[in-house]
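# Structural features, examined
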Amino acid sequence: MCKELLEVSLLMLPVQFALRLMNPFSIYSEIVPEWKKGQNRAKADTMYSYSMLSWKMPLLNFFKLNIDGTRATASGKIGAGGVIRNHAGTWIIGFQINLGVGEILTAEAWGLFYGLKLAVKLQISNLEVESDSAILVNFDTKF
């Protein structure tokens, strides 16, 4: 039943993005050149940036999915997690998953996949998604 809900929900997304969402590895493989270029630029100059971040509530009757991926530098182990909250900021449900060894962008893509899958399972249709992965967010908005 969850698979059917996911497929129905994906119909509401632009076709190209919905097809890629069914296989998070395709998201990673398509944007890895951009990611590598950014990594090379970052190595050329050591940069530090500090930003004050805060969580903003979604609109009335909306939910917000916040996702994040992580990677241990030494071992290369990756994981992802997320939380869904309602318009009042009340925690609805959260998840975390260990993903083996890989790249941070892979973890972010799987985090998005599992978060959306969970929202579909809960029949949440009014959903905002937030991620700190600029590459993943920009990839989303291209479609």
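None of these values were measured; they are calculated from a predicted model.

### A short note on the packing of aromatic side chains
For the structure on display, the rule yields 3 aromatic pairs. Taking the centre distance of 5.5 Å and the plane angle of 85 degrees together, the rings of tryptophan 110 and phenylalanine 113 count as edge-to-face. With a gap of 3 residues between them, tryptophan 110 and phenylalanine 113 both fall in helix α4 (residues 104-121), about one helical turn apart. For tryptophan 110, a relative accessible area of 25% puts it in the partly exposed group. What links up through ring pairs into an aromatic cluster is the set Trp110, Phe113 and Tyr114. A cation over an aromatic ring shows up here: lysine 64 above the ring of tryptophan 55, its NZ or CZ 5.3 Å from the ring centre.

### Quick look at the environment of glycine 89
As for its position among the elements, glycine 89 is in the loop between β2 (77-85) and β3 (91-101). Look at glycine 89 and you get partly exposed, because its relative accessible area is 21%. Taking C-alpha positions, glycine 89 is 8.6 Å from lysine 64, a pair spaced 25 residues apart along the chain.

Scoring rules and cut-offs
Counting restarts for each chain, with residues numbered from 1 along the sequence as it is written. Per-residue local features of the predicted model are confined to residues with pLDDT of at least 70, and side-chain atom pairs are confined, for both listing and counting, to 80 or more; whole-chain, interface and lining totals are unaffected and use all residues. Hydrogens and waters are ignored; side-chain quantities use all the structure's heavy atoms. Between rings of Phe, Tyr and Trp, where Trp is taken as its six-membered ring, a pair exists when centres lie within 6.5 Å; planes separated by under 30 degrees are stacked, by over 60 edge-to-face, and by other angles tilted. Helix and strand definitions follow DSSP, with helices as H or I runs of at least four residues and strands as E runs of at least two, each counted in order from the N terminus. Burial classes: relative accessible area under 20% of the type maximum marks a residue as buried, over 50% as exposed, and values in between as partly exposed (1.4 Å probe, protein chains only). Working rule: Lys NZ or Arg CZ, within 6 Å of ring centre, within 35 degrees of ring normal, means a charge sits over the ring.

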